[in-house]
Amino acid sequence: MLRSESLFGKRETSSTNSPFSSAGNVSSSTGGNVTSVNKPTQYPSSVSSTTAPAATEESGSKLTVGPNIKVKGEIEDCDTLVVEGKVQATINCRVVQIAERGAFKGSAEIDLAEIRGEFDGDLTVRQKLVIYSSGKVTGKIRYGKLVIEEGGQLAGDLQVGGGHEQKDLLQKTA
């Protein structure tokens, strides 16, 4: 159970109106009318019983560029990048998801790419590139595996091999 003493360094006494109390019923009176609310005694499975809700370790670091947002620069140490706006950058991360109205221009080295919007530039996908029906990918593209949904577009300098083969070849010759 989440203890109220850990919140803001204060210890609070428990009351029947506290969401952390063990009481299942909460009553309040408003001008002679009494309202009773039954609250479940269990928290949803997404909330840990010993800690406050936080980003899960599975999802890692996630950056979302929302609609109508424009970002330029270099993005590092990002496990998942979600592009709903416009990004002009150089990135090296694990997963990139470009939404239907999202657009990415620049250079990207990633493990998994899911493209529903537009990508233009140098794209190296070490594992799997998925282009959905609304997706459009142009530029210099390297990929391990490729999945294109009907209607998806792919154009440019294409090469199978998301970088693993080239690295292995360099290591063997050295």
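Residues numbered from 1 in each chain as written. Predicted model: local features only at pLDDT ≥ 70, side-chain atom pairs only at ≥ 80, totals over all residues. Heavy atoms only, no water.

Trainee: For this particular structure, what's the right way to read the overall build of the protein?
Mentor: Each helix and strand counted, the protein has 1 helix and 10 strands in total. Ordered by position in the sequence, the α and β elements of the protein form the string β-β-β-β-β-β-β-β-β-β-α. Evaluated residue by residue, the protein yields a buried proportion of 28% over its 174 residues. The long-range fraction of contacts in the protein, counting pairs at least 24 apart against all pairs at least 6 apart in sequence, stands at 5%. (Helix = DSSP H or I, 4+ residues; strand = E, 2+ residues; numbered from the N terminus. Buried < 20%, exposed > 50% of the residue type's maximum accessible area, 1.4 Å probe, protein only. Contact = heavy atoms within 4.5 Å.)

Trainee: Whenever I open this one, the environment of V82 confuses me. Can you help?
Mentor: In this fold, V82 is placed in strand β5 (residues 80-83). For V82 and V95, which are 13 residues apart along the polypeptide, the C-alpha to C-alpha distance reads 8.4 Å. Among all residues touching V82, those that are not within four sequence positions of it are K62, L63, T64, V65 and Q97.

Trainee: Just to check I follow, could you spell out the side chain of R126 for this structure?
Mentor: Tracing the backbone through its elements, the reader meets R126 in strand β8 (residues 118-131). A distance of 2.6 Å separates polar atoms of two side chains, one belonging to R126 and the other to D111. (Polar contact = N/O pair within 3.5 Å; in protein donor to acceptor, adjacent residues only side chain to side chain.)

Trainee: Mind showing me how you'd approach the nonpolar core here?
Mentor: One recurring pattern in soluble globular proteins is that nonpolar side chains are buried together. In this structure, L81, I91, F104, I110, L123 and L129 are the most contacted members of the largest nonpolar core, which totals 24 residues. Counting only elements with at least two residues in this core, the list comes to β5, β6 (86-98), β7 (103-115), β8 and β9 (136-148). For this core, the element with the highest residue contribution is β6, accounting for 6 residues. Leaving out residues up to four positions away in the same chain, I110 has contacts with I91, C93, R94, V96, L123, T124, V125 and R126. (Core = buried A, V, L, I, M, F, W, Y, C linked by side-chain atoms within 4.5 Å.)

Trainee: Got a minute to help me understand the packing of aromatic side chains in this structure?
Mentor: The description of an aromatic ring pair uses the distance of the two centres, along with the angle that the planes make with each other. Enumeration over the complete set of coordinates arrives at 1 aromatic pair. Positioned above the aromatic ring of Y132, the side-chain terminus of R116 is 3.9 Å from the ring centre. (Phe/Tyr/Trp six-rings, centres within 6.5 Å; stacked < 30°, edge-to-face > 60°. Lys NZ or Arg CZ within 6 Å of the ring centre and 35° of its normal.)

Trainee: Please explain the state of the cysteines as it appears in this structure.
Mentor: Disulfides are covalent bonds that link the sulfur atoms of two cysteine residues. One pass over the full model with this rule turns up 0 disulfides. You can see C93 has no disulfide; the closest cysteine sulfur is in C78, sitting 5.1 Å from it. (Disulfide = S-S within 2.5 Å.)

Trainee: I keep staring at the side chain of E114 and nothing clicks. Help me out?
Mentor: Structurally, the position occupied by E114 is in strand β7. Despite its burial, E114 pairs with no opposite charge, the nearest such side chain being R116 at 4.0 Å. (Lys, Arg positive; Asp, Glu negative; His and termini not counted. Salt bridge = Lys/Arg side-chain N within 4 Å of Asp/Glu carboxyl O.)

Trainee: So what exactly am I meant to see when it comes to unusual backbone geometry here?
Mentor: Residues apart from glycine generally show negative phi values, whereas peptide bonds are mostly found in trans. Within the chain, N68 stands out as a residue other than glycine whose phi angle is a positive 65 degrees. For N68, the location among the structural elements is in the loop between β3 (62-65) and β4 (70-75).

Trainee: Just to check I follow, could you spell out the confidence of the model for the protein for this structure?
Mentor: Atomic detail in the predicted coordinates should be set aside for any region of low pLDDT. Mean pLDDT over the protein: 74, with 59% of residues reaching 70 or higher. Within the model, pLDDT remains below 50 along residues 1-8, and this stretch shows 13 contacts once partners closer than five positions in the same chain are excluded. Throughout residues 165-174 the model reports pLDDT below 50, and contacts reaching past four residues in sequence, or to other chains, amount to 1 contact. (pLDDT = per-residue confidence, 0-100.)

Trainee: Can you walk me through the pairing of β8 in this structure?
Mentor: By the bridge criterion, 12 bridges tie β7 to β8 in an arrangement that is parallel. Each residue of the ladder has a partner; that of I115, found in β8, is I131. Bridge count between β8 and β9: 12 bridges; the pairing is parallel. Considered in β9, the bridge of L129 is made with L146. (Pairing = 2+ DSSP bridges.)

Trainee: What should I look at first to understand the pattern of salt bridges in this one?
Mentor: Side-chain pairs of opposite charge can arise where the charged atoms are in close proximity. Counted according to the given criterion, the structure contains 3 salt bridges. D111 is the salt-bridge partner of R126, the closest N and O atoms lying 2.6 Å from each other. Taken together, the residues span a long stretch of sequence, with R126 in strand β8 and D111 in strand β7 at a distance of 15 residues. D111 shares its class with R126; the two are buried. For D157, the salt bridge is made with R142, and the minimal N-O distance between the two is 3.1 Å. Here D157, found in strand β10 (residues 153-160), pairs with R142, found in strand β9; they are 15 residues apart in sequence, far enough to count as distant. The exposure class assigned to D157 is partly exposed, which follows from its relative accessible area of 42%.

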